[in-house]
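Take a look at the letters that make up each chain.
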Amino acid sequence: MYVCICNGVTELDIRRAAEAGCGSLPELTMRTGVGACCGTCVETASALLEQSRPITAACGLVALPVLSRAA
């Protein structure tokens, strides 16, 4: 689905940016161009960014490897 018609940014583009570590709407705009023209898409883009960010990144945590047993 196209989120930003002005710049041709899709939902998949936003999800990929989030997975790559994009953490804010201004950064998303710099990476994809979403919201840089008319701004109609900003609310939808922001919601998609929040939904798509990995849980560890949203909490500021670093994922650690899971050990099968204690040393």
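Structure's up top.
Just so we're clear, the structure is a prediction, and the values are computed from it rather than from any experiment. (Residues numbered from 1 in each chain as written. Predicted model: local features only at pLDDT ≥ 70, side-chain atom pairs only at ≥ 80, totals over all residues. Heavy atoms only, no water.)

Now for the side chain of Arg 53. The residue Arg 53 is located in the loop between helix 3 (42-52) and helix 4 (55-59) in this model. One polar contact links Arg 53 to Glu 50, side chain to side chain, over a distance of 3.1 Å. (Helix = DSSP H or I, 4+ residues; strand = E, 2+ residues; numbered from the N terminus. Polar contact = N/O pair within 3.5 Å; in protein donor to acceptor, adjacent residues only side chain to side chain.)

This part takes up the side chain of Thr 10. Checked against the element boundaries, Thr 10 lands in strand 2 (residues 9-10). Residue class for Thr 10 comes out buried when judged on its relative accessible area of 18%. (Buried < 20%, exposed > 50% of the residue type's maximum accessible area, 1.4 Å probe, protein only.)

A few words now on the environment of Glu 50. Looking at the element boundaries, Glu 50 is found in helix 3. Distance from Glu 50 to Ala 18, taken between C-alpha atoms, is 8.1 Å for residues 32 residues apart in sequence.

Now for helix 1 (residues 11-19). Every buried residue of helix 1 is accounted for by Ile 14, Ala 17 and Ala 18. Looking straight down helix 1, one finds its buried side chains confined to an arc of 100 degrees; they lie on one side. Helix 1 presents Arg 16 and Glu 19 as exposed residues on the side facing more than 90 degrees away from its buried surface. Where helix 1 is buried, its residues meet strand 1 (2-4), strand 2, helix 2 (25-32) and helix 3. Looking one or two residues past helix 1, Gly 21 carries a phi angle of roughly 110 degrees, positive in sign. (Arc of directions from axis to C-beta. Contact = heavy atoms within 4.5 Å.)

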